[in-house]
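# Structure at a glance
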Amino acid sequence: MGAVELVHGHKRIEPPDGVPSWDVDPYSAGNLTDRTYFDALRSKGPFVYLSRYGMLACGRYDVTREVFSDHVRFVSSRGVGVSDFGLEEPWRPPSIILEVDPPYHTRTRRVIMRALSPKVARELRDAFKADAERLIDAVVAKGEIEAVTDIAEAFPTKVFPEAVGIKDPDAKMLVEFGSIVFNAIGPENELRNRAMARNKVVMPWILERCSRERLTPDGIGASFFEAADAGEITEHEAGMLVRSLLSAGVDTTVTGIGNALWCLANNPQEYEKLKADPEGLALPAFEETLRYTSPVQAFCRTAAVDTEVAGIRIEEGSKILCVLGAANMDPDHWEAPEKFDISRQAAGHLALGVGVHVCVGQNIARAEGRAVLRALAERVDRIELTGEPTWRPNNAIHGLDRMPLRLVPR
Ligand code: OVM
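The shown structure was predicted, so the numbers you read here are calculated from the model rather than taken from an experiment.

## A short note on the overall build of the protein chain
If you tally the helices and strands in the protein chain, you get 15 helices and 15 strands. For the protein chain, whose C-alpha radius of gyration is 21 Å, the value lies close to the compact-globule estimate of 22 Å for 410 residues. For the protein chain, the C-alpha atoms occupy an extent of roughly 70 × 50 × 35 Å along the three principal directions. Within the protein chain, the fraction of its 410 residues that count as buried is 60%.

Shown next, in the form of structure tokens:
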């Protein structure tokens, strides 16, 4: 056997039998933002071979779900981006929840799961409701707004750091850190290089805020240090879990809320439905936004063994780009997937992943989305685009850059 040939930090595999080679670049700015390659990705078969990257990609619902939910054959410990942590030094000390496998994962997951439980989310509900109402009142008073900064970034960067217990939050730093973390899981492209350069400034700012002394005594972050006191995890692991909250808990919800506004602005008939029952439909509207827009559009897994999926042989070391956004639009799984319909059963979408790594913050994320959409529908008669929305290219996130809106009060 010859030496492993590295491409973008992982083993370059050859196309398996029956898998078409395709020179599409899922990481080009155009494909990251307009996502027009999704249909072709699914129609070419269960997998395609990305010739530029020497790796596989999948976008059919059943296949993507199978790969994503099998943490034994398709591991996260070798990184959920293009780089294989088994072969290349990671860009930062790996996350102790995202970039690990059971049994270690089970231990850290237990601590973070308890801290972000449905009960904790319920306790945050009143505060989220009051903050959402205040924010929507303020933007309605303005009338013409830039929805990305004025709502999508404003809300999570207020309520989430507060819940975590960050004493001196800075919305810009938190949003930028999220964008760095998600760009980092891409290949070595312009987006990733820029993120790495900014990381030199942003990471120290973040890490400074992850220690016991810098957190309020009653927040989610402090509960990790209580778990350390109880001997469940170490002091260092507690700080690492705070880093995980700040990595995964801001840009994702910012994107979810921004995308929800985009969906509702573009589908006035669905907004009318929401207005008729804000309390009952805010959550379904947020869920359908997750399916329809897939804020995290793709994550990788790495094959830990020689195996087979959908009749295709997959060799150990294969990186697989799991295009969650394509799976959430698969017409073999969804009725009229291209229709944004807040009355549909969106459950089962892959926007929050599936399996042991399924989004651990989902209760908090849903509570945030629900609070904003409910307050909006109660106060705003019409949401009108006053200019063309633009998307911000990111190697893993599908979110808006700018969206000028007019909010007409009820
Ligand atoms: C982390 C983390 C968790 C989920 C997503 C994410 C790539 C990071 O634990 O740091 O973004």
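Once the structure has been displayed, the description carries forward.
## Re the packing of helix α7 (residues 171-184) against helix α11 (residues 251-266)
Two numbers describe how α7 lies on α11: the axes approach to 8 Å, and their chain directions differ by 100°. Between α7 and α11, the crossing angle belongs to the class labelled roughly perpendicular. On the side of α7, the interface is formed by Val175, Gly178, Ser179 and Phe182, while α11 contributes Asp251, Thr252 and Val254. Partitioning the contact of α7 with α11 into residue classes produces three nonpolar, three polar and one charged.

## Some details on the packing of helix α5 (residues 118-142) against helix α6 (residues 147-164)
Interhelical geometry of α5 versus α6 gives an angle of 150° and a closest axis separation of 11 Å. One way to sum up the angle between α5 and α6 is to call them roughly antiparallel. When the axes of α5 and α6 are compared, the crossing they make is right-handed. The residues of α6 that touch α5, namely those facing Leu124, Phe128, Asp131, Ala132, Leu135, Ile136, Val139 and Lys142, are Asp150, Ile151, Ala154, Phe155, Lys158, Val159, Glu162 and Ala163. For the contact of α5 with α6, a count of residues per class yields eleven nonpolar, no polar and five charged.

## A word on the nonpolar core
Membership of the largest hydrophobic core comes to 119 residues, with the highest contact counts inside it found for Phe47, Ile151, Phe224 and Leu274. With residues up to four places along the chain from it excluded, the contact list for Phe224 reads Val111, Ile112, Ala115, Ile233, Ala238, Leu241, Val242 and Leu245. Among the nonpolar cores identified, the runner-up in size contains 19 residues, and Tyr27, Leu32, Met55 and Leu321 belong to it.

## Side note on the sheet that holds strand β3 (residues 21-22)
If you trace the six strands from one edge of the open sheet to the other, you get β3-β4-β5-β11-β8-β6, paired in mixed fashion. Every other strand in the sheet has two partners, leaving β3 and β6 (74-75) as the edge strands with one partner each. Pairing between β3 and strand β4 (residues 48-50): two bridges, direction parallel. By the bridge assignment for β4, Trp22 is matched with Leu50. The sheet strands contacting helix α3 (residues 61-69) are β5 (55-58), β6, β8 (298-303) and β11 (319-323), and the helix crosses β11 at an angle near 125°.

## Observations concerning the site of the ligand
All residues adjacent to the ligand are Arg92, Ser95, Ile97, Leu98, Val181, Phe182, Ser244, Ser247 and Ala248. A distance of 2.5 Å separates an oxygen atom of the ligand from a polar side-chain atom of Ser244. Coverage of the ligand by the protein chains reaches 90% of its 310 Å² of free accessible surface. At three residues, the largest contribution of residues to the shell around the ligand is made by helix α10 (residues 235-248).

## Side note on the pairing of strand β14 (residues 399-402)
Here three bridges tie strand β13 (residues 390-392) to β14, and the two strands are oriented antiparallel to one another. Across the sheet, Thr390 pairs through a bridge with Arg402, a residue of β14.

## Focus on the pairing of strand β15 (residues 404-409)
As paired strands, strand β7 (residues 144-146) and β15 are joined by three bridges and run antiparallel to one another. In the strand pairing of β15, Ile145 is matched with Leu405. In the sheet, strand β12 (residues 380-385) pairs with β15 via five bridges, with the strands oriented antiparallel. Within the sheet, the bridge partner assigned to Glu384 lies in β15 and is Arg406.

## Observations regarding the sheet that holds β7
Across the sheet, which stays open at both edges, the three strands sit in the order β7-β15-β12 with antiparallel pairing between neighbours. The open sheet is flanked by β7 and β12, the only strands paired with a single partner. Adjacent strand axes in the sheet meet at a mean angle of 30°, parallel and antiparallel pairs treated alike. Across the face of the sheet, α6 comes into contact with β7 and β15 while running at roughly 65° to β7.

## Side note on the environment of Glu237
Along the chain, Glu237 falls in helix α10. Along the chain, Glu237 and Arg78 lie 159 residues apart, while their C-alpha atoms are 19 Å from each other. Those residues in contact with Glu237 that lie beyond four places of it in its chain are Ile96, Tyr104 and Arg107. One polar contact links Glu237 to Arg107, side chain to side chain, over a distance of 3.3 Å.

About the cut-offs
- Residues numbered from 1 in each chain as written.
- Predicted model: local features only at pLDDT ≥ 70, side-chain atom pairs only at ≥ 80, totals over all residues.
- Heavy atoms only, no water.
- Helix = DSSP H or I, 4+ residues; strand = E, 2+ residues; numbered from the N terminus.
- Rg over C-alpha atoms; globule rule 2.2 N^0.38 Å.
- Buried < 20%, exposed > 50% of the residue type's maximum accessible area, 1.4 Å probe, protein only.
- Axes fitted to C-alpha atoms, helices over the stretch in contact; angles between N-to-C directions.
- Parallel < 35°, antiparallel > 145°, perpendicular 65-115°, else oblique.
- Contact = heavy atoms within 4.5 Å.
- Nonpolar A, V, L, I, M, F, W, Y, C, P; charged D, E, K, R; others polar.
- Left-handed = near helix turned anticlockwise from the far one by under 90°.
- Core = buried A, V, L, I, M, F, W, Y, C linked by side-chain atoms within 4.5 Å.
- Pairing = 2+ DSSP bridges.
- Near = heavy atom within 4 Å.
- Polar contact = N/O pair within 3.5 Å; in protein donor to acceptor, adjacent residues only side chain to side chain.
- Areas by Shrake-Rupley, 256 points an atom, 1.4 Å probe, with all protein chains shown as cover.

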